[in-house]
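# Fold and contact review
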Amino acid sequence: MRAVLLALALALVLPPLDAAAQRIVADLSQERVAIDARFEGSELVVFGAIKPEPGVAHAPVEVIVTVSGPLRPVTVRRKSRVAGIWVNTEGVAIDAAPTLYKVATSAPLSEVLTAVEDLRRSITPERRIRAVDAREAGSEATDDFIAGLIRIRERQGLYAVQEGAVQLTDQALFSVNLALPANLVEGQYTAQVYLTREGEVVADFTRTIDVRKVGLERWIYTLAHQRPLVYGLVSIAIAIAAGWGASALFRWVRG
Amino acid sequence: MWGMLVYLPIAEVSVNAFLLLGLGGAVGVLSGMFGVGGGFLMTPLLFFIGIPPAVAVATEANQIVASSFSGVLAHLRRKTVDLKMGTVLLVGGLVGAGLGILLFNFLKAQGQVDLLVRLCYVVFLGVIGALMFVESLGAIRRTRAAREGGAPPPARKPRRGRGWVAALPFKMRFRTSGLYISVIPPLLVGVSVGVLAAIMGVGGGFIMVPAMIYLLGMPTKVVVGTSLFQIIFVTAFTTLLHATTNYTVDMMLAVLLLIGGVVGAQIGTQLGTKLKAEQLRILLALMVLAVCGKLAFDLLVQPAELYSIADPGGH
């Protein structure tokens, strides 16, 4: 409710910069996500207002909200049975897949977005994941591997398509709650809002979210990747100290 | 409080902190009670709770540094460490760890490292669990026979100075062990233990201790101390290699496991002196066989998800 009120206030206060482009005003509940040792996931609220076009009678508008993690290359492997045991036998290199990808819509996807528009804007997970090289190499099964990738990440809570999750009120206000799971990868995330009419995108809006490890998590991760030798030595030193400490402590306890 | 999740910065997963402390503690109790390293139980348990195998192996190597260091101090005080033999085993171990990491990283690039690690575990846990089971059944039978008044059948004495071991060149004198043998067999034992440390995230005591007794003919009282001495350095080296080539050592995970582990080991040592070892050893054997069975089952039965994701940059 507060989000909606805030959106209303924003819609009223902010002057339109460019009447054509500024059809949507939107904001996020947070622009920064800090991953610390106690991070158990977070919730992102994307909300905003749609400006009506005065004087023209139009088909109703719909809203699509996406949140995407940084794009990373991954290899998807498939197991098959070799000599009685299940072994990775085939692999497909995916050029870029978002580490997190959530899509929420205000109505069933088939009604809010045409296939052509999806192809152009890369909105559904299948379209967002890029595997140009694998397709070029003529790997027929690339789609199966992409489907496998999506399935695994859906189970991990990283990918989701939530049809009808966006609350659209009076063709003017919208809001959606998206769950960010605890297993987030750090990087620059983007939230995008698309306004569609008859399946075509008529306006869009983009915001970035900074997801960072902080504190001890930040220190460990940075050290491990930038000074791996020092990190390894520190790990060993901690282990030695703990081993010595435990031995000394219990000797003392026993007298 | 009991549901406290902790985010592991390198594994990049959230796990219940008390689960990790408890696992460390439980395996620590077992290792204290039976004088085993515990790595061969901990690493597969980490797979089961969803830690990526590469992170589990590397981090467990780091944890073993702590538990073996804690153990070796007691042996140094009692002067039951053959430092010269330990050094020879260590030289072999460092070479083996290097070879193991090369194999590990090669298979990782091929997407087969999980398979290698799991297969190694199935084979070693199966063999060790079965041997331990038979051995402890025999021990129980002997005690029972002794209690019923009959003369106990003699326990097997280690055979000393096998023909082919004695015939090898490059002999060296090991005063603490009272041996004059070739350095080749201890070097080879060291190499094989080093390879296992790098691939499986174990100390390798379960291979080294029998090899020292039966192959090298070392006296039993210096065997455990000397193997712990070697294990500290080999697992420390393995930790460094994994940290610098794979970035898979998770300090947070290691600390939680070793807090549980060192406390558990001390409790286990106390318990071990009070409880009947043979019966408990059968339980340990059954547990090892159960973990082996679960790993074998996962390899044999069609997985619910045939696809898996490997991240070429990270781990």
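Residues numbered from 1 in each chain as written. Chains lettered and ligands numbered in written order. Predicted model: local features only at pLDDT ≥ 70, side-chain atom pairs only at ≥ 80, totals over all residues.

### Description of the overall build of chain B
Of the regular secondary structure elements, chain B holds 11 helices and 5 strands. Computed over its C-alpha atoms, the radius of gyration of chain B comes to 20 Å, within 12% of the 20 Å expected for a compact globule of 315 residues. Within chain B, buried positions represent 49% of all 315 residues. In chain B, the proportion of contacts linking residues at least 24 apart, taken out of those at least 6 apart, comes to 79%. (Helix = DSSP H or I, 4+ residues; strand = E, 2+ residues; numbered from the N terminus. Rg over C-alpha atoms; globule rule 2.2 N^0.38 Å. Buried ≥ 20, exposed ≤ 12 C-beta atoms within 10 Å, placed from the backbone. Contact = placed C-beta atoms within 7 Å.)

### Overview of the sheet that holds strand β9 (residues 167-169) of chain A
Strand pairing in a sheet relies on backbone hydrogen bonds, with the paired strands running either antiparallel or parallel. All names here are of chain A. Read from one edge of the open sheet, 4 strands run β1-β3-β10-β9, paired in antiparallel fashion. At either margin of the open sheet sits one strand with a lone partner, and together these are β1 (24-28) and β9. Within the sheet, the average angular offset between the axes of one strand and its neighbour, ignoring direction, is 15°. Bridge analysis of strand β3 (residues 42-50) against strand β10 (residues 173-180) gives 8 bridges, and the strand direction is antiparallel. Along β10, the bridge assignment pairs Leu44 with Leu178. (Pairing = 2+ DSSP bridges. Axes fitted to C-alpha atoms, helices over the stretch in contact; angles between N-to-C directions.)

### Concerning the pairing of β10(A)
Residue and element names in this part refer to chain A. By the bridge criterion, 3 bridges tie β9 to β10 in an arrangement that is antiparallel. Bridging across to β10, Leu168 finds its partner in Phe174. Between β9 and β10, which pair antiparallel one after the other, the connecting turn spans 3 residues, and Asp170 there sits at a positive phi close to 55°.

### Topic: the confidence of the model for chain B
Residues and elements named next belong to chain B. Counting all residues, the mean pLDDT for chain B is 84, and 91% of those residues have values of 70 or more. Within chain B, helix α6 (residues 163-167) has the poorest average pLDDT of any element, 70, and helix α4 (residues 83-110) the best, 92. As a predicted assembly, this complex carries a pTM of 0.78 together with an ipTM value of 0.82. (pLDDT = per-residue confidence, 0-100.)

### Quick notes on unusual backbone geometry
Of note in this structure, Gln171(A) is not a glycine but carries a positive phi near 55°. By the element assignment, Gln171(A) lies in the loop between β9 and β10. Judged by the 14 C-beta atoms lying within 10 Å of it, Gln171(A) falls in the partly exposed class. Although it is not a glycine, Lys79(B) sits at a positive phi angle of roughly 55°. Secondary-structure assignment places Lys79(B) in the loop between α3 (53-77) and α4. Residue classification places Lys79(B) among the exposed residues on the basis of 12 C-beta atoms within 10 Å.

### What to know about helix α6 (residues 142-155) of chain A
Taking 1.5 Å per residue as the helical rise, α6(A) with its 14 residues ought to reach 20 Å, and the 20 Å between its terminal C-alpha atoms agrees with that figure. Inspection of α6(A) places Thr142(A), Phe145(A), Ile146(A), Gly148(A), Leu149(A), Ile150(A) and Arg153(A) among the buried residues, and these make up the whole buried set. In the core, the buried residues of α6(A) are packed alongside β5 (71-82), β6 (85-98), α4 (125-128), α5 (132-136) and β8 (159-162) of chain A together with β5 (307-310) of chain B. Just downstream of α6(A) lies Gly157(A), where phi reads positive at about 75°. (Expected span 1.5 Å × (residues − 1).)

### As for the sheet that holds β8(A)
Residue and element names in this part refer to chain A. Spatial ordering of the open sheet is given by β2-β12-β11-β4-β7-β8, a layout of 6 strands whose pairing is mixed. The outermost strands of the open sheet, each flanked by one partner alone, are β2 (32-35) and β8. Going from strand to strand, the sheet's axes swing by 15° on average, the running direction of each strand aside.

### Considering the packing of helix α1 (residues 17-34) of chain B against helix α2 (residues 39-48) of chain B
All names here are of chain B. Where α1 contacts α2, the two axes come as close as 10 Å, and the packing angle between them is 155°. Between α1 and α2, the angle is such that the two are roughly antiparallel. For the crossing formed where α1 meets α2, the hand is right-handed. Every residue of α2 that contacts α1 at Leu23, Val27 and Leu30 is listed here: Leu41, Met42 and Leu45. For the contact of α1 with α2, a count of residues per class yields 6 nonpolar, no polar and no charged. (Parallel < 35°, antiparallel > 145°, perpendicular 65-115°, else oblique. Left-handed = near helix turned anticlockwise from the far one by under 90°. Nonpolar A, V, L, I, M, F, W, Y, C, P; charged D, E, K, R; others polar.)

### Describing the nonpolar core
Core analysis: the largest hydrophobic core is formed by 154 residues, its most contacted members being Val46(A), Val65(A), Ile94(A), Leu149(A), Ile232(B) and Leu253(B). No other element matches the 14 residues that helix α9 (residues 220-245) of chain B contributes to this core. Aside from chain neighbours lying at most four places away, what touches Leu253(B) is Leu8(B), Ala11(B), Leu20(B), Ile51(B) and Thr59(B). (Core = buried A, V, L, I, M, F, W, Y, C linked by C-beta atoms within 7 Å.)

### Details of the interface of chain A and chain B
Contacts between chain A and chain B engage 46 residues on the former and 47 residues on the latter. Contributions of two or more residues to the side of chain A that touches chain B are made by β5, β6, α6, α7 (215-226) and α8 (228-253) of chain A. For the side of chain A that touches chain B, the element with the highest residue contribution is α8(A), accounting for 15 residues. The residue makeup of the side of chain A that touches chain B, split by class, is 28 nonpolar, 11 polar and 7 charged.

### What about the environment of Ser110(A)?
Residues and elements named next belong to chain A. Within the secondary structure, Ser110 sits in helix α2 (residues 109-112). Ser110 sits in the exposed class, given 11 other C-beta atoms within 10 Å. Along the chain, Ser110 and Gly199 lie 89 residues apart, while their C-alpha atoms are 8.0 Å from each other.

### Considerations on the environment of Thr206(A)
Residues and elements named next belong to chain A. Tracing the backbone through its elements, the reader meets Thr206 in strand β12 (residues 200-213). Residue classification places Thr206 among the exposed positions, given that 11 C-beta atoms sit within 10 Å. When sequence neighbours within four positions are dropped, the list of residues in contact with Thr206 reads Thr190 and Gln192.

### Thoughts on the confidence of the model for chain A
Residue and element names in this part refer to chain A. Across chain A, the average pLDDT comes to 85, with 88% of residues at or above 70. At the level of individual helices and strands, chain A shows its lowest average pLDDT in helix α1 (residues 2-13), which scores 55, and its highest in strand β7 (residues 101-105), which scores 95. Low pLDDT (under 50) marks residues 15-21, which in the prediction has 2 contacts with non-local residues, meaning those over four places away or in another chain.

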